[in-house]
Structure formats: C-alpha cells, structure tokens
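# Coordinate inspection notes
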Amino acid sequence: MDMNRIYLLIILMLSPEMSPMKICDLRLINLYVNRVRVLERKAAQCTDRPLLLVPIIVPNVEVRLADWQNMTELHQGNEILLHLKLLLNATENVKTPECLYQQLIKITHNIKETSGLINKALERVSNSSVSVELSLLPSDGRHISTSDSTEIFNRFLKLLLGKMSLFLHRLKESPCR
C-alpha cells in the first residue's frame, strides 16, 4: 500500500464522522508498525549516528498482562497517551545529525497521529475529551534513560505491538461492536 493511501486511510479513521469500528480496526496498527519499521531501517542506515551528549528519556512500554487486563479502558488509554507524550518529548528534544533528524521528524508525525487515534478512542470510551499530564507516571512507574536516539523507534514499535494492540483489541470487543 503506498503512503498516500495510508495517509488517506488514517485521515478517514480520525475524522469526526467515523464509525467506532474504524477506530478499533487492528489493521491500523499494522500500518503504523510497517511505517515505523521502514523509518527504523532508514535510521539504521545513517552513518553519522553518534551517541547523544544528553541522554533522552523513553518510556518503559513493557506489558505485564495480568496488571494490564485489570485496568479500565480509560486507564489503559491514558497510559498509552503518557508513553506517546514521553516519546514525543524525546523526539522533539534530541539533537542529531541530518540523516537521523529526518527520520525523527517522520516518527514524530506518526506519534502525533497515534495520539490522535488513542484520544478519539478514549473520547468514545469516556464520552468526553481526555487530557494527560506529562508529570504522571505510567502504572509501572519506570522509564529509561538512553544515549541511543534509535531507541525511540524501538520503544514506539514495542508500544504499538504491545499495549496499543491490546487496547484496540479490547475496544473492539466492547464499545466498537
């Protein structure tokens, strides 16, 4: 699927008149995962990837399944949003050479789109708009400090495949029927 079709699909899914089923369509996760993998490969090809002088903070996106399943949909969505805010903060504050910087600009866009998707899903769950404070910590209370800027891609990919997939799958079973 070419990038223009992917963007069109995402725009349609995030439009206000979309049906709840489209938010919970798990194919959307696959689109994001494929995009992040492409960006990750391009970033790995950058020859000018020095370690960062100032470490960045990335979220620990590990899923403890028993804990995750005991959370409400609202709590799960808020935790994902918090992880996305930490990733967004990392992408916007990292100083890298041009090659890697171009990939970070693209992943920043993907993180923002994903945040929009989660916000729309949470609005349907809570019937109101949702905001997350960056000062709040995820339920696992851990984050990771790293000097490797490519860890942003790795953490975002793990978030998509883990918590976000579980969250959208859960929504598909409840409000998205």
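As recorded by an unreviewed UniProt entry, the protein chain carries the name Thrombopoietin and is attributed to Xenopus laevis.

The subject of this paragraph is the side chain of Q103. Checked against the element boundaries, Q103 lands in helix α6 (residues 98-126). With relative accessibility at 7%, the residue Q103 sits in the buried group. For Q103, the residues in contact, after removing those within four places along its chain, are L39, K42, A43 and F153.

It is worth spelling out the environment of L28 at this point. Position of L28 among the secondary structure elements: in helix α3 (residues 27-44). Placed 140 residues apart in sequence, L28 and L168 show a C-alpha to C-alpha distance of 9.7 Å.

Once that is clear, we can look at the pattern of salt bridges. If the charged atoms of two oppositely charged side chains come close together, the side chains can form a pair. Following the criterion strictly, the structure yields 6 salt bridges and no others. The shortest N-O distance in the salt bridge between E62 and R64 comes to 3.7 Å. Residue classification places E62 among the partly exposed positions, given a relative accessible area of 40%. Where R155 meets E151, a salt bridge forms, and the shortest distance between an N and an O atom there is 2.8 Å. Here the residue R155 and the residue E151 both occupy positions in helix α7 (residues 151-173), the gap between them amounting to 4 residues, near one helical turn.

Right, let's get into α3. Compared with an ideal rise of 1.5 Å per residue, which puts 18 residues at 26 Å, α3 spans 26 Å between its outermost C-alpha atoms and is within 8% of the ideal. Taken together, the buried positions of α3 are L28, I29, L31, Y32, V33, R35, V36, L39 and A43.

Attention shifts here to the state of the cysteines. For the structure on display, the rule yields 1 disulfide. The disulfide partner of C46 is C99, and the gap between their sulfur atoms is 2.0 Å. The chirality of the disulfide connecting C46 with C99 is left-handed, given an S-S dihedral of about -75°. Of this pair, C46 sits in the loop between α3 and β1 (56-59) while C99 sits in helix α6, and the two are 53 residues apart along the sequence.

Before going further, it helps to examine α6. Between the first and last C-alpha of α6 there are 41 Å, a value that for 29 residues agrees with the 42 Å anticipated at 1.5 Å per step. Of the residues trailing α6, N127 is marked for its positive phi of about 60°.

As for its placement among the helices and strands, T108 is situated in helix α6. Those residues in contact with T108 that lie beyond four places of it in its chain are L88, T91 and E92.

Generally speaking, nonpolar side chains in soluble globular proteins are found buried as a group. Residues I107 and F167 are the most contacted members of the largest nonpolar core, which totals 40 residues. Mapped by element, the contributors of at least two residues to this core are α3, β1, α5 (73-93), α6 and α7. If you tally residues by element for this core, the top one is α7, at 10 residues. When near neighbours in sequence (up to four residues on either side) are disregarded, I107 contacts V36, L39, T91, I152, F153 and F156.

Reading the values: the criteria
- Residues numbered from 1 in each chain as written.
- Predicted model: local features only at pLDDT ≥ 70, side-chain atom pairs only at ≥ 80, totals over all residues.
- Heavy atoms only, no water.
- Helix = DSSP H or I, 4+ residues; strand = E, 2+ residues; numbered from the N terminus.
- Buried < 20%, exposed > 50% of the residue type's maximum accessible area, 1.4 Å probe, protein only.
- Contact = heavy atoms within 4.5 Å.
- Salt bridge = Lys/Arg side-chain N within 4 Å of Asp/Glu carboxyl O.
- Expected span 1.5 Å × (residues − 1).
- Disulfide = S-S within 2.5 Å.
- Core = buried A, V, L, I, M, F, W, Y, C linked by side-chain atoms within 4.5 Å.

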